[in-house]
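Structural description and commentary
Below are the chains, spelled out letter by letter.
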Amino acid sequence: MRAPFGARLTTAVSLRGPLCVGVDPHPSLLTDWGLTEDADGLARFADTCVEAFAGEIAVIKPQSAFFEAYGSRGIAVLERLIAECRAAGSLVLLDVKRGDVGSTMAAYAQAYLAEGSPLAADAVTLSPYLGFGSLDPALDLAERTGRGVIVLALTSNPEGASVQRARTGDGRSIAQSIVDSASERNHGVSPIGSVGLVVGATVGETGLDLSKLNGTILAPGFGAQGAGVGDLVRVFGDSLRHVLPASSRDILRHGPDAAALRTAALRVRDSLTALGHGV
Ligand SMILES: O=C(O)c1cc(=O)[nH]c(=O)n1[C@@H]1O[C@H](COP(=O)(O)O)[C@@H](O)[C@H]1O
């Protein structure tokens, strides 16, 4: 039985630093890397990412849509990427942003979090906007298999605010209600719980009380979407030590040379380590 995701993440960040590298094979990146825009190009892109990041970077986050776009051959590339990154010692956070009615959510949970499933990762991204409770089948299965979930709270895109900062009947923002539900799940777990949240590095003043979360805060928007180290400090303040910044294009643009990609990722990682934080 593997250790819980929260414990494994804490170890990974202490060994390899607080960075999540996104593997987002945009068609334009395949072209920039001199690859064909098909499943063969995708496979070569994935192999280069494994060579560059696997075992070096704490968390690797493949974005599923860019693989799904190539159908079954793309999914096969994703399966192999997940397996190879995990075998090399990196944690894999599969970015699928799933959220569905509870009975269907159970099927998604089986696909991404069950022991032996071909697409099982160490953690997945989930959307709670069908109600946080609809995610229970995934949270329960993740707990049973030592895996994790990262739930969207305040996303990095400007459109998210109209829903996520809206107020619930009791006056809290919807995002705060997500934070509070995640905090309940993580309560009392050491070193941290296995339910993380997404709070974009681009969101400015969060208006959130994250002090009871006891879980990781994935911060995409760092890099290509404009947020830098200064934004992390401003946005997260005292919660910074729980923040795991995520960057995709700003690192991937250094390809196709695997050594150049690794150097770029480690440079970003070191700038984050210098902030003195880590889950
Ligand atoms: O869940 C995510 O990963 C995510 C949440 C969010 O609020 N914003 C966000 O950009 N992401 C993902 O993070 C990655 C950001 O990519 P870059 O902008 O290239 O660094 C993409 O795969 C997005 O889908």
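So, how was this worked out
Residues numbered from 1 in each chain as written. Predicted model: local features only at pLDDT ≥ 70, side-chain atom pairs only at ≥ 80, totals over all residues. Heavy atoms only, no water. Phe/Tyr/Trp six-rings, centres within 6.5 Å; stacked < 30°, edge-to-face > 60°. Helix = DSSP H or I, 4+ residues; strand = E, 2+ residues; numbered from the N terminus. Buried < 20%, exposed > 50% of the residue type's maximum accessible area, 1.4 Å probe, protein only. Near = heavy atom within 4 Å. Polar contact = N/O pair within 3.5 Å; in protein donor to acceptor, adjacent residues only side chain to side chain. Areas by Shrake-Rupley, 256 points an atom, 1.4 Å probe, with all protein chains shown as cover. Nonpolar A, V, L, I, M, F, W, Y, C, P; charged D, E, K, R; others polar. Pairing = 2+ DSSP bridges. Axes fitted to C-alpha atoms, helices over the stretch in contact; angles between N-to-C directions. Contact = heavy atoms within 4.5 Å. Parallel < 35°, antiparallel > 145°, perpendicular 65-115°, else oblique.

Here we look at the packing of aromatic side chains
Tallying each qualifying case throughout the model produces 1 aromatic pair. On the numbers, 4.0 Å between centres and 20 degrees between planes, the contact of Trp 33 with Phe 45 is stacked. With Trp 33 in the loop between helix H2 (27-32) and helix H3 (39-53) and Phe 45 in helix H3, this pair connects stretches of sequence that are 12 residues apart. In this structure, Trp 33 and Phe 45 share a single accessibility class: buried.

Looking at the site of the ligand
Taken together, 16 residues form the shell around the ligand, and within it Asp 24, Lys 61, Ser 156, Gln 225 and Arg 249 come nearest. Between the ligand and the protein, one listed contact pairs an oxygen atom with a side-chain N or O atom of Gln 225 at 2.8 Å. Measuring from an oxygen atom of the ligand, one finds a backbone N or O atom of Ser 248 at 2.9 Å. In the complex, 90% of the free accessible area of the ligand, which totals 500 Å², lies under the protein chains. Of the residues contributing to the shell around the ligand, the split by class is 4 nonpolar, 7 polar and 5 charged.

What to know about the sheet that holds strand S4 (residues 123-126)
Taken in spatial order, the 8 strands of this closed barrel run S1-S2-S3-S4-S5-S6-S7-S8, and their pairing is parallel. Neighbour-to-neighbour, the strand axes of the sheet open up by a mean angle of 30 degrees, direction not taken into account. Where S4 lies against strand S5 (residues 148-154), 4 bridges are found, and the strand directions are parallel. Bridged to Val 124 within S5 is Val 149. Sheet strands in contact with helix H7 (residues 136-145) are S4, S5 and strand S6 (195-199), and its direction is about 140 degrees off that of S5.

A look at the packing of H3 against helix H5 (residues 71-87)
It is the contact of H3 with H5, at a shortest axis distance of 9 Å, that shows an interaxial angle of 10 degrees. Between H3 and H5, the angle falls in the class roughly parallel. Contacts between H3 and H5 involve Ala 39, Asp 40, Leu 42, Ala 43, Ala 46, Asp 47 and Val 50 on the former and, on the latter, Arg 73, Gly 74, Val 77, Arg 80, Leu 81, Glu 84 and Cys 85. Considering only residue class, the contact of H3 with H5 consists of 8 nonpolar, 1 polar and 5 charged.

The values reported here are purely geometric and, on their own, carry no functional implication.
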